[in-house]
Amino acid sequence: MWPDTRLCDLLGIEHPIIQAPMTGTCTPALAAAVCNAGGFGSLGCAEKPLDRIRREVAELRSLTDRPFNLNFFTVDAPRTDPQTLARTRDRLKPWYDRFGLGAPPDRLPDLKPGFDAEKLDLMLELRPRVVSFHFGIPDASVLTVLKGAGILLIGTATTAAEARALDRAGFDAIIAQGWEAGGHRGSHRVTQPHEGVGTMALVPQIADAVSVPVIAAGGIGDGRGIAAALALGAAGVQMGTAFLRCPEAATATAWRDRLRAATEADTMATDAFSGRCARALSSRFAEEMAQHHDPRPGFIQMYALSGPLLDAAPDEEVSFHLCGQALTLGRDIGAAELMAQLARDTRDSLARLSPR
Ligand SMILES: Cc1cc2nc3c(=O)[nH]c(=O)nc-3n(C[C@H](O)[C@H](O)[C@H](O)COP(=O)(O)O)c2cc1C
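Just so you know, these numbers come straight off a predicted model, no measurement behind them.

Reading the values: the criteria
- Residues numbered from 1 in each chain as written.
- Predicted model: local features only at pLDDT ≥ 70, side-chain atom pairs only at ≥ 80, totals over all residues.
- Heavy atoms only, no water.
- Pairing = 2+ DSSP bridges.
- Helix = DSSP H or I, 4+ residues; strand = E, 2+ residues; numbered from the N terminus.
- Axes fitted to C-alpha atoms, helices over the stretch in contact; angles between N-to-C directions.
- Contact = heavy atoms within 4.5 Å.
- Near = heavy atom within 4 Å.
- Polar contact = N/O pair within 3.5 Å; in protein donor to acceptor, adjacent residues only side chain to side chain.
- Areas by Shrake-Rupley, 256 points an atom, 1.4 Å probe, with all protein chains shown as cover.
- 1 Å grid on protein atoms, 1.4 Å probe; cavity = no way out; pocket = protein on both sides within 12 Å on 5 of 7 lines; lining within 4 Å.
- Sits in = over half its atoms within 2 Å of the grid points.
- Nonpolar A, V, L, I, M, F, W, Y, C, P; charged D, E, K, R; others polar.
- Salt bridge = Lys/Arg side-chain N within 4 Å of Asp/Glu carboxyl O.
- Buried < 20%, exposed > 50% of the residue type's maximum accessible area, 1.4 Å probe, protein only.
- Core = buried A, V, L, I, M, F, W, Y, C linked by side-chain atoms within 4.5 Å.
- Right-handed = clockwise from strand over helix to strand, strands pointing away.
- Phe/Tyr/Trp six-rings, centres within 6.5 Å; stacked < 30°, edge-to-face > 60°.
- Lys NZ or Arg CZ within 6 Å of the ring centre and 35° of its normal.

Re the sheet that holds strand β7 (residues 183-184)
- Taken in spatial order, the 3 strands of this open sheet run β7-β11-β10, and their pairing is antiparallel. Among the strands making up the open sheet, the edge pair consists of β7 and β10 (267-270).

Right, dumping it as structure tokens:
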């Protein structure tokens, strides 16, 4: 049915389409609808307390008996040197003044955003079919434990070198995340907003570099994009932005409204909110911060500085609405209908490309 069945065979799914983990935006209802429609649903677990992950997985399992993915970040505890903090506070001061917020915080919280022993134990308890990692590769001992429990591993690469490192570490499939992608760029090091390789160029180079199935991500918004990804050597796709307008997603109303009105040129890569590069709808604050190429406080400590602005300022002035460049292809339809449409349109696109 599909020209390449490696991903479907590996994950036990009907369509080689993964709904991207989107921490804070994907819900058990969204992931379950995708799973029940023959795709692969994901839950973003990165910054969630263990009890919340447990609750969400229980809800997901009450809605589907199909396999799914739990996603985590691999970043170390953030460190911010005093000069970087002082410079960032200076940059933010006029914005804080404008919205009557007083002085920007002079202390940043201690955080443990990575995948720690407690999360590993939780995975052994919950036993998802897949655990996926963003931003790098956990210790080999962690991977051995997960693999020993029969859990498949998927990791994100933004270059062929990162993909080779994931392949060597024993990952079962590799996401090739291109520049167009919504959300945080899963580079294994801190990058600048202007860096990045587009999906069209990245996917075939990663497909040539590794031995495991490649999953294309970034700017894939419909069946034409999926067909193109398959032609580039991917065994499947991971899509995030396409699901943001589904009623099952927890996308806030202002974010949905902006998505409906925006064009493909209205996104930008910015590190001004979290401390690492992410593609989001442009806002005046992000545009101004992009003028200064200062080092940022560590991921995700920077949220302590940007958070008060996000809460106080109007949406067009300061907002962090993550989305990719194919945003205008999104529709206000349920995830099951979207999945059926994506599968049908991909097959139509593939058929058009191989006339008899
Ligand atoms: C709102 C949003 C949140 C995201 N959060 C995560 C996340 O928590 N973990 C992750 O691995 N990827 C995350 N991503 C990136 C996706 O995994 C994927 O690379 C991206 O959505 C693909 O590009 P597209 O949005 O153009 O489809 C997020 C993307 C979006 C749009």
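Quick notes on the sheet that holds strand β6 (residues 173-177)
- One open sheet holds the 8 strands; their spatial order is β1-β9-β8-β6-β5-β4-β3-β2, and the pairing between them is parallel. Pairing within the sheet leaves two strands with one partner each, and these edge strands are β1 (17-19) and β2 (41-44). Neighbour-to-neighbour, the strand axes of this sheet turn through a mean angle of 25°, independent of strand direction.
- The strands touched by helix α3 (residues 50-63) within the sheet are β2 and β3 (68-73), with β3 carrying the most contacts at an inclination of about 160°.

Digging into the site of the ligand
- Residues in contact with the ligand amount to 22 residues; listed here are only the nearest, Pro 21, Thr 23, Asn 71, Gly 219 and Thr 241.
- In this structure, Gln 238 approaches the ligand through a side-chain N or O atom, which is 2.9 Å from an oxygen atom.
- Within the backbone of Gly 240, one N or O atom sits 2.9 Å away from an oxygen atom of the ligand.
- Summarising the interface, the protein chains cover 97% of the accessible area of the ligand, which totals 590 Å² for the free molecule.
- Under a 2 Å grid-point criterion requiring more than half of the atoms, the pocket assigned to the ligand is the largest pocket.
- Elements with a contribution of two residues or more to the shell around the ligand: β3 and β9 (236-239).
- When its residues are assigned to classes, the shell around the ligand shows 10 nonpolar, 12 polar and no charged.

Observations concerning the pattern of salt bridges
- What the rule picks out here adds up to 18 salt bridges.
- The partner of Asp 116 in a salt bridge is Lys 112, with the nearest N and O atoms 3.7 Å apart.
- Under the relative-accessibility criterion, Lys 112 is labelled exposed at 60%.
- When the shortest N-O distance is used, the salt bridge between Arg 260 and Asp 257 registers 2.9 Å. Separated by 3 residues within a single helix, Arg 260 and Asp 257 lie in helix α10 (residues 253-261), roughly one turn from each other.

Some remarks on the nonpolar core
- Ranked by size, the top nonpolar core spans 84 residues in total, and within it Met 123 and Leu 146 carry the most contacts.
- Top contributing element to this core by residue count: helix α2 (residues 28-36), with 6 residues.
- The contacts of Met 123, once residues within four sequence positions are left out, are Leu 70, Phe 72, Phe 115, Pro 128, Val 131, Leu 146 and Ile 151.
- Judged by nonpolar contacts, the second largest core, of 19 residues, contains Phe 273, Phe 285, Met 302 and Ala 313.

Examining the pairing of β3
- With 6 of its 6 residues buried, β3 lies for the most part within the structure.
- Neither face of β3 is exposed, since Phe 68, Leu 70 and Phe 72 on one face and Asn 69, Asn 71 and Phe 73 on the opposite face are all buried.
- For β2 and β3, the ladder comprises 4 bridges, and the chain directions are parallel. Bridge pairing in β3 links Gly 41 to Phe 68.
- With respect to chirality, the unit in which β2 leads through α3 into the neighbouring parallel β3 is right-handed.

Comments concerning the packing of aromatic side chains
- Under the criterion given, the structure shown has 10 aromatic pairs.
- Linked through ring pairs, Trp 95, Phe 273, Phe 285, Tyr 303 and Phe 320 together constitute an aromatic cluster.
- When the ring centre of Trp 179 is taken as reference, the NZ or CZ atom of Arg 279 above it lies at 4.8 Å.
- When the ring centre of Trp 2 is taken as reference, the NZ or CZ atom of Arg 347 above it lies at 4.7 Å.

Brief notes about the side chain of Arg 296
- When you line up the elements, Arg 296 lands in the loop between α11 (284-290) and α12 (303-312).
- From its side chain, Arg 296 meets the backbone oxygen of Met 289 in a polar contact 3.1 Å long.
- Apart from the residues within four sequence positions on either side, Arg 296 is in contact with Thr 84, Asp 271, Ala 272, Gly 275, Met 289 and Met 302.

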